[in-house]
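In case you want the letters, here they are:
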Amino acid sequence: MTQTARAHTNIALIKYWGKRDAQLILPYTDSVSLTLDAFYTDTSVNFDPTLTEDQLTLDGKPASAKRLLPMLDQVRALSGRTEFAQVTSVNHVPTAAGLASSASAFAALALAAAADAGLALDATALSRLARRGSGSASRSVFGGLVRWHRGVDDASSYAEALPASPLDLRMLVAVVNAGPKPIGSRDLMANTVATSPYYPAFVETNQQAADQMVAALGTGEFEKVGQLTQQSAMRMHASMMAATPPFTYFEPATMAIWQAVQHLQARGLPVYATMDAGPNVKVLTTAEFVVEAKRELQELSDAPILEAKAGPAARLLEDHHAI
Ligand code: PMV
């Protein structure tokens, strides 16, 4: 029987950048994220005895199942199942958004594959499984605000939902460039860890920032949340720029949005920028200011701006033909 799961993307306020163990995907630091309602992936899995290899259909087209192997093999190892899997995945991220979908994709795959293999995993075990596909996927198992504990081994490196914050956060996504990214996060992370003299400083400050972020979310200090968000992103990007060879995802239009955000901050609007392994900028604000922030950003930039708020945890869909 086929099982279908839906998981939402998340954006890290405190970033994950760099693996201590590339096989298990153990990170050097904790990270803290917000799961978003607007963008998600639906994935169906069927372990089928008639298949001779794992098969993937992605957004309606056949695709290589190679990246799914570590997770599917882990599900087979845990469940004792030996069949290959038919995986069908559809990204419900607006086509122009250019947002990375690996977090939602691997969280949905973990849930659907575990369910189809008959594994009863709790949320912690599911987060550890999702981590095997993509680090950030460990956080998309949960809704709202989430912390991924770096841990020291496979058992202790998992995400968990944080208590609800008094803040009603909003994320504006400025779509600078919707095309494929020039270089994936996996290789770049490894190179940053290996060659950037700024990487140890990122690790030290980012780990402290995770604690500070959890505290500020708890007390509802938005200015602190925003400042920590920007710092973590900029320090991550600075560590890449200082690597050998140096690299940056910044494009001219990316910088234009950062400057627009600085300009709005100077005028007293509570907006803070963050950015991941691509040129698009995400702007964090609160429900109270989101309309004004969107309008102002739209005036200062040509980039389309999408809006999101906190989204739900990954879940199984009742209708197995939903996608
Ligand atoms: O999960 P990955 O391997 O796609 O890494 C993503 C890392 C960033 O998106 C850049 C930061 C993060 O914490 O999500």
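It should be noted that the structure appears before, not after, this text.
What counts, and where the lines are drawn
Residues numbered from 1 in each chain as written. Predicted model: local features only at pLDDT ≥ 70, side-chain atom pairs only at ≥ 80, totals over all residues. Heavy atoms only, no water. Helix = DSSP H or I, 4+ residues; strand = E, 2+ residues; numbered from the N terminus. Rg over C-alpha atoms; globule rule 2.2 N^0.38 Å. Buried < 20%, exposed > 50% of the residue type's maximum accessible area, 1.4 Å probe, protein only. Areas by Shrake-Rupley, 256 points an atom, 1.4 Å probe, with all protein chains shown as cover. Near = heavy atom within 4 Å. Polar contact = N/O pair within 3.5 Å; in protein donor to acceptor, adjacent residues only side chain to side chain. Nonpolar A, V, L, I, M, F, W, Y, C, P; charged D, E, K, R; others polar. Axes fitted to C-alpha atoms, helices over the stretch in contact; angles between N-to-C directions. Parallel < 35°, antiparallel > 145°, perpendicular 65-115°, else oblique. Left-handed = near helix turned anticlockwise from the far one by under 90°. Contact = heavy atoms within 4.5 Å. Phe/Tyr/Trp six-rings, centres within 6.5 Å; stacked < 30°, edge-to-face > 60°. Pairing = 2+ DSSP bridges.

Asker: Which residues make up the overall build of the chain, and what values do they have?
Answerer: Across its full length, the chain carries nine helices and 14 strands. Computed over the C-alpha atoms, the radius of gyration of the chain is 19 Å, within 12% of the 20 Å expected from 2.2 N^0.38 for a compact globule of 323 residues. Reported as C-alpha extents along the three principal axes, the dimensions of the chain are approximately 60 × 40 × 35 Å. Looking at the 323 residues of the chain, the share that counts as buried comes to 54%. Taken as a whole, the chain presents about 13600 Å² of accessible surface, with 54% of it coming from carbon and sulfur.

Asker: Break down the site of the ligand for me, citing the residues and quoting the values.
Answerer: Around the ligand sit 14 residues, and of these Y16, S102, S134, S136 and R139 come closest. At 2.9 Å from an oxygen atom of the ligand is found a main-chain nitrogen or oxygen belonging to Y16. Within the complex, the protein chains bury 92% of what would otherwise be the 380 Å² of accessible surface of the ligand. Of the residues assigned to the shell around the ligand, the class counts are six nonpolar, five polar and three charged.

Asker: Outline the environment of P245, listing residues and values.
Answerer: Mapped onto the fold, P245 is located in the loop between α7 (222–241) and α8 (252–266). For the pair formed by P245 and F106, sequence separation is 139 residues and the distance between their alpha carbons is 30 Å.

Asker: Residues and numbers for the packing of α8 against helix α9 (residues 290–300), please.
Answerer: At a closest axis distance of 10 Å, the pairing of α8 and α9 adopts a crossing angle of 130 degrees. On the basis of their axis angle, the class for α8 and α9 is oblique. For α8 against α9, the interelement crossing comes out right-handed. Note on element contacts: α9 touches α8 through E296, L297 and L300, opposite A260, V261, H263 and L264.

Asker: How would you explain the packing of aromatic side chains if you had to name every residue and give the values?
Answerer: Under the defined criterion, the tally for this structure stands at six aromatic pairs. With a centroid separation of 5.5 Å and 70 degrees between ring planes, the pair formed by F222 and Y272 is classed as edge-to-face. On the criterion of sequence distance, the pair formed by F222 in helix α7 and Y272 in strand β11 (residues 272–275) is long-range, its members being 50 residues apart. Considered together, F222 and Y272 belong to a single accessibility category, that of buried residues. A ring pair is formed by F250 and W258, whose centres lie 6.1 Å apart and whose planes are at 40 degrees; its orientation type is tilted. Each member of the pair, F250 together with W258, is buried. Put simply, the rings of Y28, Y199 and F202 touch in pairs and so form one group of aromatic residues.

Asker: Hey, could you go over the environment of A5 for me, with residue numbers and the actual values?
Answerer: Here A5 shows up in strand β1 (residues 3–14). Between the C-alpha atoms of A5 and A107, which are 102 residues apart in sequence, the distance is 8.6 Å. If near-sequence neighbours (up to four positions away) are discounted, A5 is found in contact with T41, D42, T43, A108, L111, A112, R315, L316 and L317.

Asker: Please provide a residue-by-residue account of the sheet that holds strand β13 (residues 305–309), values included.
Answerer: Taken together, four strands build an open sheet; the order of strands is β11-β12-β10-β13 and the sheet is antiparallel. Strands with a single pairing partner mark the edges of an open sheet, and in this sheet they are β11 and β13. Pairs of neighbouring strands in the sheet enclose a mean axial angle of 30 degrees, with direction left out of account. When β11 meets strand β12 (residues 281–286), the two strands line up antiparallel, connected through four bridges. Note that in β12 the partner of A273 across the bridge is V283. On top of the sheet, α7 reaches β10 (169–174), β11 and β12; it is set at about 35 degrees to β11, its chief contact.

Asker: With reference to specific residues and values, describe the pairing of β11.
Answerer: Regular strands place their side chains on alternate faces of the sheet. Taking every second residue as pointing to the same face, both faces of β11 are buried, with Y272 and T274 on one and A273 and M275 on the other. Connecting the antiparallel pair β11 and β12 is a turn made up of five residues.

Asker: Pulling in residues and values, what's your account of unusual backbone geometry?
Answerer: The amide bond that connects T244 to the next residue, P245, takes the cis arrangement and shows omega of -5 degrees. Positive phi, close to 55 degrees, is recorded for I25, a residue that is not glycine. Here I25 shows up in the loop between β2 (19–21) and β3 (26–27). One non-glycine residue, D59, lies in positive phi territory at about 50 degrees. Structurally, the position occupied by D59 is in the loop between β5 (55–58) and β6 (61–63).

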